Structures are given as C-alpha cells and as structure tokens.
Amino acid sequence: MYHKVENKFPKNFLWGASTSAYQVEGAYNKDGKGASVQDTKVLPEGTADFKVSSDHYHHYKEDIALFAEMGFKTYRFSISWTRIIPNGTGEVNEKGIEFYNNLIDELKKYNIEPLVTMYHFDLPDVLQQRGGWSNRETVDAFVEYARVIFENFGDRVKYWLTINEQNMMILHGAAIGTVNEGCEDIQKELYQQNHHMMLAQAMTMKLCHKMVEDGKIGPAPNISAIYPASPKPEDVLAAQNFNAIRNWLYLDMAVYGRYNAIAWSYMKEKGIEPKIEDGDMEILKGGDPDFIAFNYYSTATVKESKIDDSEGKFIGGDQQIATGDLGVFNGAHNDFLEKTEFGWEIDPVGFRTTLREIYGRYNLPLIVTENGLGAYDNLEDGDTINDDYRIDYLRKHIEQAKLAITDGVELLGYCPWSAIDLISTHQGFKKRYGFIYVNRDEFDLKDLRRIRKKSFFWYKNVIKSNGEEI
Ligand code: BG6
C-alpha cells in the first residue's frame, strides 16, 4: 500500500538498543555468580567463550554514558539468573542484586527506561543438571526467580520481557547452546520443555501484574513472516505449516492461552505433543501480556516437503536459516533477497509485513527488541569504523517501520541488536552488531577500549530527529 503522507514516529517512541547478560557482561564467576548453560556448553570451534565477553560488568557506567550520548530512550538488557540465584533455586546473591540496582540507577540517571529480559538463553547449570526445562520443577524455580527480581527492581523497572526467543530454543537450541541433543527423542523432549516454559511465562506475567505497580510485560520471540517459494498451493500450505510451528504456536499461547491448531496437529502427527496436566490450560489462559516484543532479522521462504523427500530432515540451521522438516516444509532460497556476510537474508520490506501480520493477528502494541546486521567490522586508522553497511541495513528497516506505523500498526519502540559489540550466540566476537566497537578479538582481549562507530553518530541523529532524519 502506498501512502500519500507518512505518519511520524510517536512522540514518546522508545528508541534504544539491546544486549543480553551472558553475551555482554563477562565476569562469569565474579561476586558469587553461578554457572549458566552458556558457561558450560561446548563452544563451536574457533569462537570465544563468555568469560569476559565485552566486560560490561566492569564498564557499565562508561557504556551507559555512551548510550546516553546516543540519546537512548530505553535500553534492553537481560538479568543473569545465576547472578541473582547462583544455583537456580535457594539463596539469593546480594552482590548480584547490587549490580543490577547500580545498573538500573545509572540508566535512570540519564532518563533511560530499562526494558528487562528476565531470561535470555542462560539457564542455571544446576537446573540443567536436573533436567532443565524438561523437569517441571524448573517452572517453580523460574517463578521464584521472577518474584525476587520483581521485588527488588519493580519499583524502577516497568517494562518486562519474559523469555527471549523461546521458539529458537525449541527449534535451534543446538546452535544456540541451550539444548543437549543427546537424548532419545529430542523433539518430544523439546515440546515438553516448551510447554513448561509457556506455563512459567503465563505465571510470571500474572505475577508481574500483581507485584509491579504499573508494570507491563510481554513475550519476546523471534518472529519472521514466511513466504511460500511459489504460488503452488502445496508451497503455500508448507508456508502455513512453518508459520504455525515457528511463529503462531508461541504467540497464540502467550496471548490467547491456547495451542495453535496446526502446530498441535503437527505435534500429534509426530507423537511429540506435550503432556498437559490438569489445570495447565487454565494457567496458560491467565497470562495476559500488555504488548508483544519480538526480534526480527529476516523472513523465511519455504516450499513443499513430500514425505519421501530426501532433503527434508529437520537438521542444522540457526535462528534465521530454516532447513526443513520432513513432510512439513523445506527451506528455500529467495532470489529477491541479498544476504549478510554470515548468510542471513536481508528483507526490510518483510519487516513491515511481519509488523502488520503480528499486529493484525493480536491487536496488541508491539516493541521491536532486536534487529540488526552481524558483520566483520574493520578498525581503521584514527580509531574509525566505517560501518556504512550497518547504517544501510538499519535505515531501510526504520523506513519500513515508519510505513508499518502509517499502515496502522501500534509500535512502541525499536531496539536494534546490539547497543555495543558482544559475542554472537555461535559465531564468536568477530560477528559484530554494535554501535560501539569493543577493542578485542576472538581470543586476544587487547584493551577492551570502547570506540564509536560511524553508525553511532548516525543513530544519534536518528533518535534526535525522532526518526525524521535517517
Ligand atoms: C537472537 C538472539 O537470536 O539473535 C541474540 O536473541 C543473538 O542473543 C542475535 O545474538 C543474533 O544472533 P547471532 O547468532 O548472530 O548472535
């Protein structure tokens, strides 16, 4: 749809950017922090571990001053569960509470609204040893952790996100390092975990409304519009299949408290549907999110997978690369899209499509909690980083967000990934996303100096002009 006049970004639009605890903080065992699954996972060869990351734990004041210089209205970060409760349950670590109190106060000093993810891929390792999310007791552990953080930070944190990319932990946990593929029927296990996470999410949303005055909370999945590879009816069905198991399973549950019918029939067909206990569906209905937060990097294109298809096994891939699932869908190439250096398709128009689709389905305000370009940045003479490719990516996505707003989508904020360089989920430090360069390599920590990239100055002006000058 073409518009004669485009709407402006709303006056109080939440411009900001995002990080997650294990990818940015470092200090992996400092001041009483317990190990998370990210500290104990087997790392892909040639990639840095998360011991130091960007050392934000020790540099948070300097980093937040730089965020303020860019004019951030909000900053999305995650709380490390094992900094707060080192063993997943039981004793609370006061030093962990102190760190986040200081961080939140520092943000408040600059009028930056904290947007807090409760759990971003870093389950306490002690809980993982007891079965992780397959063990129903992890639901209670999460709710207890939620109670502690609402109680300690709820006076200043009003925007909460429950679980980052639950859908990617189920579909691509092996790449992210949240799942051990060793067990017998990994998919059955995963959909049981998914059910438990859904319960945990619904219970914490309810708890947030009870404990946090004026608190707002929502889910934070990774959502991509799905294109059929052609108008062939079977390809369209394949796109519907993937849509159901990648996107709507998660959002239908978060918003309506019900299993998406196509996703349920997929699980039934494969014999991987979760065990639902008495009272679960009632709990799931009680969630009631205030908004939907979502991460967007690109769209996905799929085609039919016949049941005797040799390519259609659900293997490999990562958050943005859909491989296939026998008899359900097959990942396909999209000739209309370019790719990043790391093979992810770039689709700004698909961003508008995704925004419209989510808003049309759920009619809740939206917040974009990730969007960005992972690239090899080059530190040039005079401490400059000319990341025009990143500016180009973000500019095109912001343009489309503006069009989506003109289309009628209620968009509250935009937080690209990432505020500052950090370690990628499975591709190390060399895959950079930040507006701020951190001077370290994969294995050489150098001086961890912070350097403003060209995109830093560009984004500063975007925010200053409330999205008018991009
Ligand atoms: C999302 C995650 O999947 O994408 C982030 O929420 C992640 O944690 C980001 O870093 C980019 O992915 P990657 O694999 O390039 O780090």
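What you see is a predicted model, and the numbers here were worked out from it, not measured in a lab.

Rules and cut-offs
Residues numbered from 1 in each chain as written. Predicted model: local features only at pLDDT ≥ 70, side-chain atom pairs only at ≥ 80, totals over all residues. Heavy atoms only, no water. Helix = DSSP H or I, 4+ residues; strand = E, 2+ residues; numbered from the N terminus. Buried < 20%, exposed > 50% of the residue type's maximum accessible area, 1.4 Å probe, protein only. Areas by Shrake-Rupley, 256 points an atom, 1.4 Å probe, with all protein chains shown as cover. Lys, Arg positive; Asp, Glu negative; His and termini not counted. Charge placed at Lys NZ, Arg CZ, Asp CG, Glu CD. Pairing = 2+ DSSP bridges. Contact = heavy atoms within 4.5 Å. Axes fitted to C-alpha atoms, helices over the stretch in contact; angles between N-to-C directions. UniProt positions renumbered as here; feature names shortened; annotations may be inferred. Parallel < 35°, antiparallel > 145°, perpendicular 65-115°, else oblique. Left-handed = near helix turned anticlockwise from the far one by under 90°. Nonpolar A, V, L, I, M, F, W, Y, C, P; charged D, E, K, R; others polar. 1 Å grid on protein atoms, 1.4 Å probe; cavity = no way out; pocket = protein on both sides within 12 Å on 5 of 7 lines; lining within 4 Å. Points joined across faces, edges and corners; volume = space filled by probe spheres on them. Near = heavy atom within 4 Å. Polar contact = N/O pair within 3.5 Å; in protein donor to acceptor, adjacent residues only side chain to side chain. Sits in = over half its atoms within 2 Å of the grid points. Salt bridge = Lys/Arg side-chain N within 4 Å of Asp/Glu carboxyl O.

> Account for the overall build of the protein, naming residues and giving values.
For the protein, the count of helices and strands is 15 helices and 16 strands. Oriented by its inertia axes, the alpha-carbon framework of the protein measures out at about 60 × 55 × 45 Å. By the burial criterion, 59% of the 470 residues in the protein qualify as buried. Accessible surface computed for the protein: about 18,500 Å², of which carbon and sulfur atoms make up 49%. The protein carries 53 positive and 71 negative side-chain charges, and their two centres are separated by 4 Å.

> How would you summarise the sheet that holds strand S10 (residues 329-331) if you had to cite specific residues and measurements?
Read from one edge to the other, the open sheet built from four strands follows the order S6-S8-S10-S9, with strand pairing classed as mixed. Of all strands in the sheet, those bounded by a partner on one side alone are strand S6 (226-228) and strand S9 (324-325). With respect to the sheet, helix H10 (residues 233-256) is in contact with S6, strand S8 (300-303), S9 and S10, its orientation differing from that of S6 by roughly 165 degrees.

> Could you give an account of the UniProt feature "active site" (unreviewed entry) in the protein, naming the residues involved and the relevant values?
Taking the numbering used here, the UniProt-annotated feature "active site" (unreviewed entry) corresponds to Glu370. Along the chain, Glu370 turns up in strand S13 (residues 366-370). Using a relative accessible area of 5% as the deciding quantity, one classes Glu370 as buried. Beyond its immediate stretch of four places on either side in the chain, Glu370 contacts Arg76, His120, Asn164, Glu165, Phe294, Asn295, Tyr296, Tyr297, Cys415 and Trp417.

> Mind laying out the packing of helix H5 (residues 94-109) against helix H7 (residues 137-153), listing which residues take part and the relevant values?
As a packed pair, H5 and H7 sit with axes 11 Å apart at the nearest point and diverge in direction by 45 degrees. Considering their axes alone, H5 and H7 lie oblique with respect to each other. Relative to H7, H5 is oriented so that their crossing is right-handed. Contacts between H5 and H7 involve Ile97, Tyr100, Asn101 and Ile104 from the former and Val148, Asn152 and Phe153 from the latter. Split into classes, the residues belonging to the contact of H5 with H7 amount to five nonpolar, two polar and no charged.

> Give me the lowdown on the layout of surface pockets, citing residues and values where you can.
Approximately 280 Å³ is the volume found for the second largest pocket. In terms of lining residues, the second largest pocket is bounded by 15 residues, among which Glu338, Ile346, Asp392, Tyr393 and Lys396 are the most central. Within the residue set of the lining of the second largest pocket, elements represented by two or more residues are strand S11 (338-339) and helix H14 (388-407). Considering each element in turn, the lining of the second largest pocket owes the most residues, four residues, to H14. Counted by class, the lining of the second largest pocket contains eight nonpolar, two polar and five charged residues.

> So, the site of the ligand: which residues are in play, and what are the values?
Surrounding the ligand, one finds 16 residues, the nearest of these being Glu165, Glu370, Thr425, Lys431 and Tyr433. Between the ligand and Gln23 there is a distance of 2.8 Å, counted from an oxygen atom to a side-chain nitrogen or oxygen. Interatomic distance of 2.6 Å between a side-chain N/O atom of Lys431 and an oxygen atom of the ligand. Alone, the ligand offers 380 Å² of accessible surface; in the complex the protein occludes 100% of this. When atoms are counted within 2 Å of each cavity's grid points, the one that captures over half of the ligand is the largest cavity. A per-class count over the shell around the ligand returns five nonpolar, eight polar and three charged.

> Lay out the pattern of salt bridges in plain terms, naming residues and giving numbers.
Per the stated rule, a full pass over the model turns up 33 salt bridges. Asp377 is the salt-bridge partner of Arg390, the closest N and O atoms lying 3.1 Å from each other. Here Arg390, found in helix H14, pairs with Asp377, found in the loop between S13 and H14; they are 13 residues apart in sequence, far enough to count as distant. Given a relative accessible area of 1%, Arg390 falls into the buried group. Two residues, Lys453 and Asp377, come together in a salt bridge whose shortest N-O distance is 2.5 Å. Taken together, the positions of Lys453 in the loop between strand S16 (450-452) and helix H15 (454-464) and Asp377 in the loop between S13 and H14 put the pair 76 residues apart, joining distant regions of the chain. Owing to a relative accessible area of 0%, Lys453 belongs among the buried residues under this scheme. A relative accessible area of 12% means that Asp377 is categorised as buried. Through salt bridges with shared partners, a single ionic network connects Asp377, Asp387, Arg390, Asp421, Arg432 and Lys453.

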